[in-house]
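Fold and geometry: a report
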Amino acid sequence: MGKVIVVTSGKGGVGKTTSTAALGAALAQRNEKVVVVDFDVGLRNLDLVMGAERRVVYDMVNVIQGDAKLPQALIRDKRLETLFLLPASQTRDKDALTPEGVEWIVGELKKYFDWIICDSPAGIERGATLAMRHADMAVVVTNPEVSSVRDSDRIIGLLDAKTLKAERGERMEKHLLLTRYDATRAERGDMLKVDDVLDILSIPLIGIIPESTDVLKASNVGAPVTLADARSAPALAYFDAARRLAGETLPITIPGDKRSLLGKIFGRKAA
Amino acid sequence: MTKVLTDAPTIRIKGRSFLAVVLSPDLPLDEWLVRLDDLAARSAGFFLGRPVVLDVTDLAIDKLQLADLVGELGQRNVRIMGIEGARPSMLGPGMPPLLKGGRPVSEMEQPPTEAAPTEPKQHPKKATAQEAGSQPQSIVINEPIRSGQSVIFPEGDVTVVGSVASGAEIIAGGSVHIYGALRGRVMAGSVGNSGARIFCRKMEAELLAIDGIYQMAEDMAPALRGQAVQLWLEGDMIMAETLS
């Protein structure tokens, strides 16, 4: 049976879709069968970031309503054999998702895939709660700034209350993925520091993705950053995060630690 | 160090709970009103001087019919203090306010009758008064309280082993103990207990209240920020001191 991961944040624009694509491609490169599922009905983007927007024929809503079979809606990635996308419908809204339909789809996907990664829409409404409902674990995407941290805190509360796992009295595994981290700005105090975020959210960290133009470049060419430029700093951070998701223990490096060490040395010299 | 946290006169806001009779009409309304008249005839003044709440949950009536019903009840000297289970759109100005969060209590005494024509809404639950003795007087929460969550425990003390996030709230009848950072809001002694206190390991609160005396983050002494603090009430002042 596959593992269901929800990538969620509460706040929009923090990097849920980018992270879903990057983690999906990273896990698929380990030769595991991965499907990334777009839950953002009406505002879908995952197809763009995956470079599959021209190949969408059927979507999740078609499957729920019985207009298409699940395998017809799944799009195989052209670069990675083991990576699939289940797109959202762009012409509908979140009300087109039914709890029974989502439950059935997730149940079917679990039979065929090792990882089912659900890209949650922003907000705490129907789309977001349905995306998290069947998850085994959650990746909470957060930017190092106060509004994102507070929204993530709210989402963590919902993960502990509104998911099937929580309702069965089990513990939902939650991981923090800190994205758009800018070491120089954090150093200057323009951004929350990693410790501050961890102190507020108190869930384990699975990765820090540095702010980088590589991410934007990858999105624009329609490739997950872990495929477009696997040697770039954000890609390496996503690869490590994927390994931690798969259960490996790796030490986490805070981007810019080296630079700040050099900074300290130079600082001392100057003084 | 002890500091008076406020100089400005404060406004006292408190929570109280009252016992109300709940009427749950059923359709057709005219027949129900006849049965109500029958009850009133057998025990004059049953509703006199009692707060009455109208429960219209699952009752298929519209705004006009609801207004008519309230009018009809008014003519029978049944004053409706609130309406439960109505959609906000059904209640305009001039209508009683919407009530939420009602809890069932023991049977209300009723005029003796064979057929019990109208009943105040009840659920087969035990009397709260009897249970009160066995109910816990404090709760301990071993997890952080997240933004948007609220813990309401009018029965006594609340202890949190963890932090209280910005945008979370705790309302306790007794004292509140936080073994972590307090970034949200805490209301202690909410049912009129001026002896209640608030303790926290790291003070970053948005709002604090003891027995209805409120204190916003902006009015707090900056020296207390980030400190382990206890707060209590002296008269109308919230006092605070750091815990060493």
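Residues numbered from 1 in each chain as written. Chains lettered and ligands numbered in written order. Predicted model: local features only at pLDDT ≥ 70, side-chain atom pairs only at ≥ 80, totals over all residues. Heavy atoms only, no water.

As a further point, take the overall build of chain A. For chain A, the count of helices and strands is 14 helices and eight strands. The buried share of chain A, taken over its 271 residues, is 55%. Total accessible area on chain A stands at roughly 12,400 Å², and carbon and sulfur atoms take up 50% of it. (Helix = DSSP H or I, 4+ residues; strand = E, 2+ residues; numbered from the N terminus. Buried < 20%, exposed > 50% of the residue type's maximum accessible area, 1.4 Å probe, protein only. Areas by Shrake-Rupley, 256 points an atom, 1.4 Å probe, with all protein chains shown as cover.)

Another point: the overall build of chain B. When helices and strands are counted, chain B shows three helices and 16 strands. Among the 244 residues that make up chain B, the fraction classed as buried is 41%. Within chain B, counting contacts between residues at least 6 apart in sequence, those at least 24 apart form 40% of the total. Total accessible area on chain B stands at roughly 13,300 Å², and carbon and sulfur atoms take up 53% of it. (Contact = heavy atoms within 4.5 Å.)

On the secondary structure map, Ser147(B) appears in the loop between strand 6 (138–141) and strand 7 (150–153). Once residues within four sequence positions are removed from consideration, Ser147(B) is found in contact with Arg150(A), Asp153(A), Arg154(A), Ala165(B), Ser166(B), Gly167(B) and Ala168(B).

Another aspect to go through is the nonpolar core. Residues and elements named next belong to chain A. In this structure, Val35, Leu86 and Leu109 are the most contacted members of the largest nonpolar core, which totals 50 residues. Element by element, the count of residues in this core is highest for helix 7 (residues 146–159), at five residues. Listed in part, the 38 residues of the second largest apolar core include Ala22, Ala28, Val141 and Val225. (Core = buried A, V, L, I, M, F, W, Y, C linked by side-chain atoms within 4.5 Å.)

Another aspect to go through is the pattern of salt bridges. Residue and element names in this part refer to chain A. Taken as a whole, this structure holds 20 salt bridges over all chains when the rule is applied. In this structure, Arg44 engages Asp47 in a salt bridge whose closest nitrogen and oxygen atoms are separated by 3.0 Å. Across the pair, Asp47 and Arg44 agree in class, each one buried. Arg168 is the salt-bridge partner of Glu170, the closest N and O atoms lying 3.0 Å from each other. (Salt bridge = Lys/Arg side-chain N within 4 Å of Asp/Glu carboxyl O.)

For chain A, per-residue confidence averages 91 on the pLDDT scale, and residues scoring 70 or more make up 94% of the total. Here residues 267–271 of chain A is modelled with pLDDT under 50, and outside its nearest four sequence neighbours on either side it reaches zero contacts, counting other chains as well. (pLDDT = per-residue confidence, 0-100.)

With eleven residues of chain A in contact, the opposing surface of chain B contributes twelve residues. Between chain A and chain B, roughly 900 Å² of surface is buried when both sides are summed, and carbon and sulfur atoms account for 35% of that area. On the chain A side of the interface with chain B, the three residues burying the most area are Arg150(A), Asp153(A) and Arg154(A), jointly 46% of the side's total. Connecting chain A to chain B are five salt bridges. In this structure, the salt-bridge partner of Arg146(B) is Asp153(A), at a minimum N-O distance of 3.0 Å. (Buried area = accessible area lost by both parts, 1.4 Å probe.)

The next thing to look at is the packing of helix 1 (residues 29–42) of chain B against helix 2 (residues 63–75) of chain B. Packed helices, taken two at a time, are described by their axes: the angle between them and the distance between them. Residues and elements named next belong to chain B. Interhelical geometry of helix 1 versus helix 2 gives an angle of 20 degrees and a closest axis separation of 12 Å. Classed by the angle they form, the pair helix 1 and helix 2 counts as roughly parallel. Where helix 1 crosses over helix 2, the two elements pack in a sense that is right-handed. Contact with helix 1, carried on its side by Leu29, Trp32, Leu33 and Leu36, involves Leu69, Glu72 and Leu73 of helix 2 and no other residues of that element. Split into classes, the residues belonging to the contact of helix 1 with helix 2 amount to six nonpolar, no polar and one charged. (Axes fitted to C-alpha atoms, helices over the stretch in contact; angles between N-to-C directions. Parallel < 35°, antiparallel > 145°, perpendicular 65-115°, else oblique. Left-handed = near helix turned anticlockwise from the far one by under 90°. Nonpolar A, V, L, I, M, F, W, Y, C, P; charged D, E, K, R; others polar.)

A few words on the side chain of Ser175(B). All names here are of chain B. Take Ser175: it is sitting in the loop between strand 9 (169–172) and strand 10 (176–182). Judged by relative accessible area, Ser175 falls into the buried class, the value being 12%. In this structure the side chain of Ser175 is engaged in a polar contact, spanning 3.0 Å, whose partner is the backbone nitrogen of Arg197. Once residues lying within four places of it in the same chain are set aside, the contact partners of Ser175 are Gly156, Asp157, Val158, Ala196 and Arg197. (Polar contact = N/O pair within 3.5 Å; in protein donor to acceptor, adjacent residues only side chain to side chain.)

With omega at -10 degrees, the peptide bond leading from Leu27(B) into Pro28(B) counts as cis. Relative to the elements of secondary structure, Pro28(B) occurs in the loop between strand 2 (21–23) and helix 1. Backbone geometry places Asn31(A), a non-glycine residue, at a positive phi of 65 degrees. Position of Asn31(A) among the secondary structure elements: in the loop between helix 1 (16–28) and strand 2 (34–38).

All names here are of chain A. Within helix 10 (residues 194–201) the residues assigned to the buried category are Val194, Val197 and Leu201. Buried residues of helix 10 fall within an arc of 70 degrees about the axis and therefore sit on the same side. Against the buried residues of helix 10 lie strand 6 (137–142), helix 7, strand 7 (173–181) and strand 8 (205–210). One or two positions beyond helix 10, positive phi appears at Ser202, with a value near 40 degrees. (Arc of directions from axis to C-beta.)

Let us now look at the sheet that holds strand 6 of chain A. On the basis of which strands lie adjacent, the open sheet formed by eight strands has the order 3-4-2-5-1-6-7-8 (chain A) and mixed pairing. Either end of the sheet is taken by a strand with one partner, and the two such strands are strand 3 (75–76) and strand 8 of chain A. (Pairing = 2+ DSSP bridges.)

Before going further, it helps to spend a moment on the sheet that holds strand 7 of chain B. Residues and elements named next belong to chain B. Pairing is mixed in the open sheet, where five strands are placed in the order 7-9-11-13-14. The sheet terminates laterally at strand 7 and strand 14 (213–216), the two strands that pair on one side only. The average undirected angle you get between the axes of adjacent strands in this sheet is 5 degrees. Sheet analysis places strand 11 (residues 185–188) next to strand 13 (residues 207–210), joined by four bridges and oriented parallel. Looking across to strand 13, one finds that Arg185 is bridged to Leu207.

Here the focus is the pairing of strand 5 (residues 115–119) of chain A. Residues and elements named next belong to chain A. Counting buried positions over the five residues of strand 5 gives five, a clear majority of the element. Across the two faces of strand 5 the burial is the same, with Trp115, Ile117 and Asp119 and Ile116 and Cys118 all buried. Sheet topology note: the strand 1 (residues 3–8)/strand 5 ladder contains five bridges and is parallel. Looking at strand 5, one finds that Val7 is bridged to Asp119. The pairing of strand 2 with strand 5 spans five bridges and is parallel. Paired with Val37 across the two strands is Cys118, which belongs to strand 5.

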